[in-house]
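# Structural overview
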Amino acid sequence: MFLSNLTPIPELYVSYDSAQKLKHEAGNLTSWDLSPRQVCDLELLMNGGFNPLKGFLTEADYNSVVDNMRLADGTLWPMPITLDVSEAFADGIEPGQDIALRDQEGVILATMTVTDRWQPDKSREAAQVFGADDSAHPAVNYLHSQAGKVYLGGPITGIQQPVHYDFKARRDTPNELRAMFRKLGWRRVVAFQTRNPLHRAHQELTFRAAKEAQANLLIHPVVGMTKPGDVDHFTRVRCYEAVIDKYPGSTTSMSLLNLAMRMAGPREAVWHGLIRANHGCTHFIVGRDHAGPGKNSAGEDFYGPYDAQEMFRRYQDEIGVEMVDFKHMVYVQERAQYEPADEIEEGVTVLNISGTELRRRLREGLEIPEWFSFPEVVTELRRTSPARAKQGFTVFFTGLSGSGKSTIANALMVKLMEMGGRPVTLLDGDVVRKHLSAELGFSKEHRDLNIKRIGYVASEITKNGGIAICAPIAPYTATRRSVREMVESYGAFVEVHVATSLEECERRDRKGLYKLAREGKIKEFTGISDPYEEPTQAELVVDTEGADVDNCAHQVVLKLEQLGLIAY
Ligand code: PPS
């Protein structure tokens, strides 16, 4: 049985007066600082978006969700909503204890009574929930490289919503949306989930979906966390605001959903449906490759293109919203309109611009035709993504000590400064360790911290339109990848593997460190007594044994040119 969209949904908040009291009392509790993803999860737990969950999953619920897509009591719930914490924090917590949950500014949002504490089998979670224990999947990568080792479960007492300073008027809780639908007399509402800017084809398909379902339309974009590399939500919301005026008056509304997506394809579609049911929607559009994470590490799709629709159909009655399957819309030139691809007769000219082609045109500053998108949307996208040759970027050298990273990086810096146009900053391994990371040693933990600091600075430089050249050893694949993700939200990340062999580095032994490492006088020395995980997907591999420094730097310049990052 699902709730009608007219009745309010249960929330986990206490009354205003109780919240004031609780806030003072909670100040004395042990507190956990929530990660950005946990803040998103908590918001939807508290406001009923994740109804019927009453808190972060207990161990029994977690196991049942992972294995059967159901809570222990049999209720359909496909996604583990867990509070992952560090071992050190978990060690100080006893089951039965109340803890305070704080946002990143230290504001107490909720308390939680910890009933369960356990160490999950993350590989099993990855395989069952995401279909493969493959770190090419963004949520699997998150699970292994960012989520804490221990999960805590238990009921939540909500004190206050996370504060949002942006697009306040566009954010609605499930009950606010339900109240709005009640007020407007919207009994049938079809929701459209999106993490991308809307173009004409989307406008056409959502409009048709609403007509087909004889329903009003809710554009319900995700602004919490989406796939790394997506267009940022500020730009997207400005684009949506431009498109919303293109629908017939008062048929359509738009509301922002602070969800942290997992890109779990079929399971995610079911989850999205349950969330929309909670928000008072009666219908939900599910497209081809819904919430798809892209390719796996073998270069294949994680899920089949219609797996999400199939799974949704199977659970539709329990979800409580009806699926409207996405029609792939294409532009028919002769008739100057969008039509469903499967209804078009042979012999007409069909035009289409893929996401990849759109990104290429934006990157290269090329024309984007009006039949494809609305001029207001294109203007917004161009404001955020100027042509690549005008954007910031990061060149990230990685390789063994003495491989030649710093020398090539220096040569590259000079060449780029000679060309001019953008400020260039060199973050050399040795130099960073003198300033930014002066207190760090060479344990895995310290190396990771060092690389993440470099990544953070490089991403800020990239965001502000500069060129960052980094030249640390950066021996761990997962850390290099998280730096890539940090930078790629703002511009290109070009990984250059300086692949000088260990034998050659040791033969050169410019700083005499290899000798000391062999004698055991330097511990944890990369290549000798510490690992170096070779990159497998670097944009460029340079071999310093067959070429001089100038030539190596020139190879990087050619790569940058090929990627459209520099133009003469
Ligand atoms: S890391 O792993 O990326 O954090 O290392 P990085 O910051 O690039 O620092 C490497 C430079 O520090 C010197 N050094 C060592 N390297 C590796 N292992 C150990 N134990 C070590 N101790 C000191 C070494 O000179 C590295 O400089 P490069 O320029 O790479 O030769």
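Residues numbered from 1 in each chain as written. Predicted model: local features only at pLDDT ≥ 70, side-chain atom pairs only at ≥ 80, totals over all residues. Heavy atoms only, no water.

For the rest of this paragraph, the subject is the overall build of the chain. Counting secondary structure elements, the chain contains 20 helices and 20 strands. Over its C-alpha trace the chain gives a radius of gyration of 26 Å, about what one expects of a compact globule, namely 24 Å for 568 residues. Seen through its principal axes, the chain has C-alpha atoms that stretch 75 × 70 × 40 Å. Sequence separation of 24 or more characterises 73% of the internal contacts of the chain that already satisfy a separation of 6 or more. For the chain, the distance from the average site of its 65 positive side-chain charges to the average site of its 78 negative ones is 3 Å. (Helix = DSSP H or I, 4+ residues; strand = E, 2+ residues; numbered from the N terminus. Rg over C-alpha atoms; globule rule 2.2 N^0.38 Å. Contact = heavy atoms within 4.5 Å. Lys, Arg positive; Asp, Glu negative; His and termini not counted. Charge placed at Lys NZ, Arg CZ, Asp CG, Glu CD.)

Right, let's get into the packing of helix 14 (residues 405-419) against helix 20 (residues 549-562). It is the contact of helix 14 with helix 20, at a shortest axis distance of 9 Å, that shows an interaxial angle of 55°. Here helix 20 runs oblique to helix 14, going by the angle between their axes. Viewed along their axes, helix 14 and helix 20 form a crossing whose handedness is right-handed. Within the contact between the two elements, helix 14 uses Thr407, Ile408, Ala411, Leu412, Lys415, Leu416 and Met419 and helix 20 uses Val549, Asp550, Cys552, Ala553, His554, Val556, Val557 and Leu560. Its residues placed into classes, the contact of helix 14 with helix 20 shows 11 nonpolar, 2 polar and 2 charged. (Axes fitted to C-alpha atoms, helices over the stretch in contact; angles between N-to-C directions. Parallel < 35°, antiparallel > 145°, perpendicular 65-115°, else oblique. Left-handed = near helix turned anticlockwise from the far one by under 90°. Nonpolar A, V, L, I, M, F, W, Y, C, P; charged D, E, K, R; others polar.)

Reading across the sheet, the 5 strands line up as 10-9-8-11-12 and stay open at both edges, with parallel pairing between neighbours. At either end of the open sheet lies a strand with only one pairing partner, and these are strand 10 (252-254) and strand 12 (322-325). Adjacent strand axes in the sheet meet at a mean angle of 30° when their direction is disregarded. Strand direction decides the pairing type here: strand 8 (residues 189-194) and strand 9 (residues 216-221), joined by 6 bridges, are parallel. Each residue of the ladder has a partner; that of Val189, found in strand 9, is Asn216. Packing of helix 10 (residues 265-278) onto the sheet brings it into contact with strand 8, strand 9 and strand 11 (283-286), and relative to strand 11 it is tilted by some 155°. (Pairing = 2+ DSSP bridges.)

This brings us to the layout of surface pockets. The volume enclosed by the second largest pocket comes to roughly 680 Å³. Along the wall of the second largest pocket there are 33 residues; nearest its centre are Ser401, Asp430, Ile473, Lys511 and Leu513. Broken down by secondary-structure element, the contributors of at least two residues to the lining of the second largest pocket are helix 14, helix 15 (429-434), helix 16 (444-463), helix 18 (502-508) and helix 19 (513-518). The residue inventory of the lining of the second largest pocket, partitioned by class, reads 12 nonpolar, 10 polar and 11 charged. (1 Å grid on protein atoms, 1.4 Å probe; cavity = no way out; pocket = protein on both sides within 12 Å on 5 of 7 lines; lining within 4 Å. Points joined across faces, edges and corners; volume = space filled by probe spheres on them.)

Around the ligand, a shell composed of 22 residues is seen, among which Ser401, Arg433, Arg447, Asn450 and Glu524 lie nearest. Side-chain polar atom of Arg433 to an oxygen atom of the ligand: 2.6 Å apart, as the coordinates give it. The side chain of Arg447 places a nitrogen or oxygen atom 2.8 Å from an oxygen atom of the ligand. Summarising the interface, the protein chains cover 93% of the accessible area of the ligand, which totals 630 Å² for the free molecule. Here the shell around the ligand is built from residues that sort into 9 nonpolar, 6 polar and 7 charged. (Near = heavy atom within 4 Å. Polar contact = N/O pair within 3.5 Å; in protein donor to acceptor, adjacent residues only side chain to side chain. Areas by Shrake-Rupley, 256 points an atom, 1.4 Å probe, with all protein chains shown as cover.)

Here Tyr476 shows up in the loop between strand 18 (467-471) and helix 17 (477-488). Separated by 130 residues in the primary sequence, Tyr476 and Glu346 have C-alpha atoms spaced 53 Å apart.

Once that is clear, we can look at the domain arrangement of the chain. By domain assignment, the chain separates into domain 1 (4-158), domain 2 (168-257 + 263-330) and domain 3 (388-562). Distance between the C-alpha centres of domain 2 and domain 3: 41 Å. (Domains from an automatic or database assignment.)

Let's shift gears to empty space enclosed by the protein. Enumeration according to the criterion identifies 1 cavity of 30 Å³ or more in this entry. Lining the largest cavity, in full, are Arg37, Met79, Pro80, Thr82, Glu125, Phe130, Ala139, Leu143 and Arg262. Residue assignment for the lining of the largest cavity shows that the elements contributing at least two residues are helix 5 (122-130) and helix 6 (138-145). Residue composition of the lining of the largest cavity, grouped by class: 5 nonpolar, 1 polar and 3 charged.

A few words now on the sheet that holds strand 14 (residues 337-340). Within the open sheet, the 3 strands sit side by side as 14-13-15. Their pairing is antiparallel. Edge positions in the sheet fall to strand 14 and strand 15 (350-351), since each of these pairs with one other strand and no more. Bridging between strand 13 (residues 329-332) and strand 14 involves 4 bridges; their strand directions are antiparallel. Across the sheet, Val332 pairs through a bridge with Gln337, a residue of strand 14. Against the sheet, helix 8 (residues 200-212) contacts strand 13 and strand 14, and its axis sits at roughly 55° relative to strand 14.

Next up on the list: the pairing of strand 18. Most of strand 18 sits inside the fold, with 5 of its 5 residues counted as buried. Both faces of strand 18 are covered, namely the face carrying Ile467, Ile469 and Ala471 and the face carrying Ala468 and Cys470. Bridge count between strand 16 (residues 393-398) and strand 18: 4 bridges; the pairing is parallel. Considered in strand 18, the bridge of Val395 is made with Ile469. (Buried < 20%, exposed > 50% of the residue type's maximum accessible area, 1.4 Å probe, protein only.)

Turning next to unusual backbone geometry. In this chain, Asn51 is followed by Pro52 through a cis amide linkage whose omega measures 15°. Turning to its location among the elements, Pro52 is positioned in the loop between helix 2 (36-46) and strand 2 (55-56). In this structure, Gln214 is a non-glycine residue whose phi angle is positive, near 45°. Counting through the fold element by element, Gln214 comes out in the loop between helix 8 and strand 9. With relative accessibility at 65%, the residue Gln214 sits in the exposed group.

It is worth spelling out the packing of aromatic side chains at this point. Going through the model one piece at a time under the given rule, you end up with 15 aromatic pairs. Ring geometry for Tyr331 against Trp371: centres 5.1 Å apart, planes inclined by 20°, an arrangement best described as stacked. With Tyr331 in strand 13 and Trp371 in the loop between helix 12 (355-364) and helix 13 (375-384), this residue pair connects regions lying 40 residues apart in the sequence. Look at Tyr514 and Phe525: their rings are 5.0 Å apart centre to centre, the planes differ by 75°, and that puts the pair in the edge-to-face class. A residue pair is termed long-range when its members are at least 10 positions apart, and Tyr514 in helix 19 and Phe525 in the loop between helix 19 and strand 20 (540-542) qualify at 11 residues. With respect to class, Tyr514 is no different from Phe525; both count as buried. Members of the aromatic cluster, each reached through a chain of ring pairs, are Tyr331, Tyr338, Trp371 and Phe372. Cation over ring: Arg433 sits above Phe442, and NZ or CZ is 3.8 Å from the ring centre. For Lys444, the ring lying beneath its charged end belongs to Tyr476, and the centroid distance is 4.6 Å. (Phe/Tyr/Trp six-rings, centres within 6.5 Å; stacked < 30°, edge-to-face > 60°. Lys NZ or Arg CZ within 6 Å of the ring centre and 35° of its normal.)

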